[in-house]
Amino acid sequence: QDFINSGVGHHSGILKNHFSGISQRRYDVIVNAGLDAMEEWMREIGAVMNPRELGVTDEMIDGIAESAFKRPGAYKVMTNESIAEILRTAMGEI
């Protein structure tokens, strides 16, 4: 779960340096508005937004996780379980 939640928070922290002097609440509104606008644009251009839109079913998740390349020297070594969790989260199940 930490891996999944770290994405936006990490980038959010980087962006925070550019918005010094505003309240956390206002900052959160700005960041969320930007994310919403990006999602809307991605839908407008027909970008795939989740694995279901590619035809992935719940029954396929474990097989996809098992066949995913796991690089031993990577910054974060992924496991079948962590990959399956990411896919389930992307599909809106968690």
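Novice: Lay out the overall build of the chain with the relevant residues and their values.
Specialist: Each helix and strand counted, the chain has four helices and zero strands in total. N-terminal to C-terminal, the α/β element order of the chain is α-α-α-α. When the 94 residues of the chain are sorted by exposure, 14% land in the buried category. In the chain, 40% of the contacts between residues at least 6 apart in sequence involve partners at least 24 apart. Roughly 7,200 Å² of accessible area belongs to the chain as shown, and the carbon and sulfur atoms make up 57% of that amount.

Novice: How would you explain a nonpolar patch on the surface if you had to name every residue and give the values?
Specialist: On the surface, a cluster of nonpolar side chains totalling about 350 Å² of accessible area is made up of Met38, Trp41 and Ile45. Mapping tryptophan 41 onto the fold places it in helix α2 (residues 24-44).

Novice: How would you explain helix α4 (residues 80-90) if you had to name every residue and give the values?
Specialist: Buried within α4 we find Ser82, Ile83, Ala84 and Leu87. Just downstream of α4 lies glycine 92, where phi reads positive at about 85°.

Novice: Break down the side chain of serine 82 for me, citing the residues and quoting the values.
Specialist: Inspection of the secondary structure assignment puts serine 82 in helix α4. In terms of polar contacts, serine 82 uses its side chain to reach the backbone amide nitrogen of threonine 79, at 2.8 Å.

Novice: If you had to explain the confidence of the model for the chain to someone new, which residues and values would you point to?
Specialist: Predicted confidence across the chain gives a mean pLDDT of 82, with 78% of residues reaching 70 or more. Mean pLDDT across the elements of the chain ranges from a minimum in helix α1 (residues 2-16), with 49, to a maximum in helix α3 (residues 61-67), with 96. Considering only residues more than four positions removed or in separate chains, one finds that residues 1-10, a stretch of pLDDT under 50, has nine contacts.

Novice: Mind laying out α2, listing which residues take part and the relevant values?
Specialist: If you check α2, its first and last C-alpha atoms are 30 Å apart, about what 21 residues at 1.5 Å a residue would give, namely 30 Å. Looking one or two places after α2, you find glycine 46, whose phi comes out positive at around 85°.

Novice: Break down the environment of methionine 78 for me, with residues and values.
Specialist: With respect to the secondary-structure elements, methionine 78 resides in the loop between α3 and α4. Note on methionine 78: relative accessible area 17%, which makes it buried.

Novice: If you had to explain the nonpolar core to someone new, which residues and values would you point to?
Specialist: Counting residues in each nonpolar core, the largest one holds eight residues, listed as Val56, Ile61, Ala65, Met78, Ile83, Ala84, Leu87 and Met91. Per-element accounting of this core gives the leading share, three residues, to α4. Apart from residues lying up to four places away in sequence, alanine 84 is in contact with Ile61, Asp62 and Ala65.

Novice: How would you sum up the pattern of salt bridges? Please name residues and give values.
Specialist: Enumeration according to the criterion identifies four salt bridges in this entry. Note that arginine 52 is salt-bridged to aspartate 58, the shortest N-O span being 3.3 Å. Residue classification places arginine 52 among the partly exposed residues on the basis of a relative accessible area of 39%. For arginine 88, the salt bridge identified is with aspartate 62, shortest N-O distance 3.2 Å. Of this pair, arginine 88 sits in helix α4 while aspartate 62 sits in helix α3; the two residues are 26 residues apart in sequence, bridging distant segments of the chain. Three or more residues joined by partner-sharing salt bridges are found here, namely Glu39, Arg43 and Glu53.

Conventions and cut-offs
- Residues numbered from 1 in each chain as written.
- Predicted model: local features only at pLDDT ≥ 70, side-chain atom pairs only at ≥ 80, totals over all residues.
- Heavy atoms only, no water.
- Helix = DSSP H or I, 4+ residues; strand = E, 2+ residues; numbered from the N terminus.
- Buried < 20%, exposed > 50% of the residue type's maximum accessible area, 1.4 Å probe, protein only.
- Contact = heavy atoms within 4.5 Å.
- Areas by Shrake-Rupley, 256 points an atom, 1.4 Å probe, with all protein chains shown as cover.
- Patch = residues over 30% accessible without salt bridge, like charges linked within 9 Å, V, L, I, M, F, W, Y side chains within 5 Å.
- Salt bridge = Lys/Arg side-chain N within 4 Å of Asp/Glu carboxyl O.
- Polar contact = N/O pair within 3.5 Å; in protein donor to acceptor, adjacent residues only side chain to side chain.
- pLDDT = per-residue confidence, 0-100.
- Expected span 1.5 Å × (residues − 1).
- Core = buried A, V, L, I, M, F, W, Y, C linked by side-chain atoms within 4.5 Å.

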